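Coordinate analysis (summary)
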Amino acid sequence: MRFAVIGGTGLIGSQVVNDLNAAGHEAVPHSRSTGIDVISGKGLEEAVAGADVIVDLTNSPTFDEVSPAFFRKSMENLLGVGERSGVGHFVVLSIVGVDKVPELDYYRAKTLQEELLAAGPIPYSIVRATQFMEFIESVLSWTTEGDTVRLPATPIQPIAAADVALAVAGVAAGPPLGGVYDIAGPDVFTLDELGRITVAHASDGRTVVTDPTAGMFAAVRGDVLTDRSAHLAPTRYTEWLA
């Protein structure tokens with residue numbers, strides 16, 4: 001099969017391309033660095049021509065109120081190009097619990113992306129993943145002042161990017177689901193607990209303080225970003241840190 005992987009040079013996309021090619025398919029990465037633009041539409045016709053499947057791993061440049069406009073326009077362009085090219089399967093990567101945190105602009109934007117895909121003309125699959133292990137350090141940096149890191153006790157279920165990529169590649173190579181495939185890490189932590197594990201491993205002198213108002217994850221209610229019934233990936237956070 002031939003895959004057009006849009007956003008195929010990023011953290012997840014590059015691994016999806018490698019996984020698909022290793023399985024004997026032809027996966028071609030496309031991104032701004034290869035000359036395409038999902039907003040203007042530049043290069044999309046050529047990128048999608050001859051593809052059986054579009055895998056959309058693009059991301060908005062910011063997580064704020066402009067992100068819905070990014071996903072609306074990019075989906076409009078990709079769905080249009082895909083339909084004209086006869087693509088038979090369109091896959092996007094989303095977030096576990098994304099439709100349950102309307103307080104966050106970015107989560108509303110990703111929910112919009114899912115809705116546009118489901119209402120579109122191409123058979124589809126949505127892969128929802130929990131929070132990437134690779135992003136935990138960035139989450140800590142958002143609320144760090146000096147040697148103090150403030151984090152809420154929000155339950156999360158971190159997953160390794162390599163496990164996410166393998167799941168996306170597997171879904172993309174199969175028949176369209178017409179629905180959602182959830183994947184999550186094997187363990188649930190509160191975010192402040194995960195922060196303490198992370199700074200202990202780094203041995204950099206930081207202290208984690210529990211603060212229910214700190215950072216974007218303070219807006220999350222309950223355990224909506226976890227899913228114990230999801231397909232569980234094998235990599236544990238402590239193993240990943242090591």
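In case you missed it, the structure is sitting above this.
These remarks concern the structure in this document.

1. As for the overall build of the protein chain
- If you tally the helices and strands in the protein chain, you get eight helices and 12 strands.
- On C-alpha atoms alone, the protein chain measures out to a radius of gyration of 18 Å, which is about the 18 Å that the 2.2 N^0.38 rule sets for 242 residues.
- For the protein chain, the spread of C-alpha atoms along the three principal axes comes to 55 × 35 × 35 Å.
- Relative to its full complement of 242 residues, the protein chain shows a buried share of 50%.
- Across the protein chain, contacts joining residues at least 24 apart in sequence account for 81% of those joining residues at least 6 apart.
- Split by element, the accessible area of the protein chain, about 10400 Å² in all, is 53% carbon and sulfur.
- The distance from the centre of the 16 positive side-chain charges to the centre of the 30 negative ones in the protein chain is 3 Å.

2. Here we look at the packing of aromatic side chains
- Counted by the stated rule, this structure contains seven aromatic pairs.
- When the ring of F70 is compared with that of F71, the centres are 5.2 Å apart and the planes differ by 85°; the resulting orientation is edge-to-face.
- Under the relative-accessibility criterion, F70 is labelled buried at 12%.
- An aromatic cluster is present here, built from F63, F70, F71, Y106 and Y107 joined pairwise through their rings.

3. Quick look at the pattern of salt bridges
- The full count for this structure, using the stated rule, is 12 salt bridges.
- Of the charged contacts in the structure, one is a salt bridge between K73 and E76, with a shortest N-O distance of 3.2 Å. Within this pair, K73 and its partner E76 are both found in helix α3 (residues 67-85), separated by three residues, close to a single helical turn.

4. Topic: helix α1 (residues 11-22)
- The end-to-end C-alpha separation of α1 is 17 Å, in line with the 16 Å expected for 12 residues at 1.5 Å each.
- For α1, every residue scored as buried is listed here: I12, G13, V16, V17 and L20. Considered in projection along α1, the buried side chains sweep an arc of 135° and stay on one side of the axis. Counted as exposed and oriented over 90 degrees from the buried face of α1: N18 and A22.
- Residues of α1 that are buried sit in contact with β1 (2-6), β2 (26-30), β4 (89-95) and α6 (161-172).
- Just downstream of α1, G24 is the residue with a positive phi angle, here 95°.

5. A short note on the packing of α3 against helix α4 (residues 105-119)
- Relative to each other, α3 and α4 sit at 20°, their axes nearing to 8 Å. Classified by the angle their axes make, α3 and α4 are roughly parallel. The crossing of α3 and α4 is right-handed. Of the residues in α4, those touching α3 at S67, P68, F71, R72, M75 and L79 are D105, Y106, A109, K110, L112, Q113, L116 and L117.

6. Notes on the nonpolar core
- Of all hydrophobic cores here, the largest spans 48 residues; its most connected members are F90, Y107 and L117.
- Top element by residues in this core is α3. It accounts for six residues.
- When neighbours within four sequence positions are excluded, Y107 is seen to be in contact with I95, G97, V98, V101, Q131, M216, F217 and L225.
- A27, V55, F132 and A167 belong to the second-largest nonpolar core, a separate cluster that totals 26 residues.

Analysis parameters
For every chain, the first residue of the written sequence is number 1, and numbering continues from 1 onward in sequence order. Given that this is a predicted model, residues contribute local features only at a pLDDT of at least 70 and side-chain atom pairs are listed and counted only at 80 or more, while totals for whole chains, interfaces and linings are drawn from all residues. Processing note: side-chain calculations cover all non-hydrogen atoms of the structure and skip hydrogens and water entirely. In DSSP terms, a helix is any run of H or I states spanning at least four residues, a strand is any run of E spanning at least two, and both are numbered starting from the N terminus. To get the radius of gyration, use the C-alpha atoms; to get the globule rule, take the number of residues to the power 0.38 and multiply by 2.2 Å. Under the scheme applied here, a residue whose accessible area is under 20% of the maximum for its type counts as buried, over 50% as exposed, and between as partly exposed, the area being computed with a 1.4 Å probe on protein chains only. Residue contacts are counted whenever heavy atoms from the two residues lie within 4.5 Å of one another. For accessible areas, the Shrake-Rupley method is used with a probe of radius 1.4 Å. Any residue's cover is judged against the shown protein chains and nothing else. Charge counting follows a simple rule: Lys and Arg are positive, Asp and Glu are negative, and His as well as the terminal groups are ignored. A single reference atom marks each charge: NZ on Lys, CZ on Arg, CG on Asp, CD on Glu. Under the pairing criterion, centres of Phe, Tyr and Trp rings, with the six-membered ring standing for Trp, must be within 6.5 Å; the plane angle then separates stacked pairs below 30 degrees from edge-to-face pairs above 60, leaving the rest tilted. Salt-bridge detection follows one rule: a side-chain nitrogen of Lys or Arg within 4 Å of a carboxyl oxygen of Asp or Glu. In this scheme, a helix's expected span is set at 1.5 Å multiplied by one less than its residue total. To be clear, the arc concerns the directions from the helix axis to the C-beta atoms. Here an axis means a line fitted to C-alpha atoms, over the contact stretch when the element is a helix, while the angle between two N-to-C directions is reported on a 0 to 180 degree scale. Note that the term roughly parallel is reserved for angles under 35 degrees, roughly antiparallel for angles over 145, roughly perpendicular for angles of 65 to 115, and oblique for everything else. Rotating anticlockwise by less than a right angle from the far helix to the near helix defines a left-handed crossing, while the corresponding clockwise rotation defines a right-handed one. The criterion is simple. A nonpolar core is a set of buried Ala, Val, Leu, Ile, Met, Phe, Trp, Tyr and Cys residues joined through side-chain atoms within 4.5 Å.

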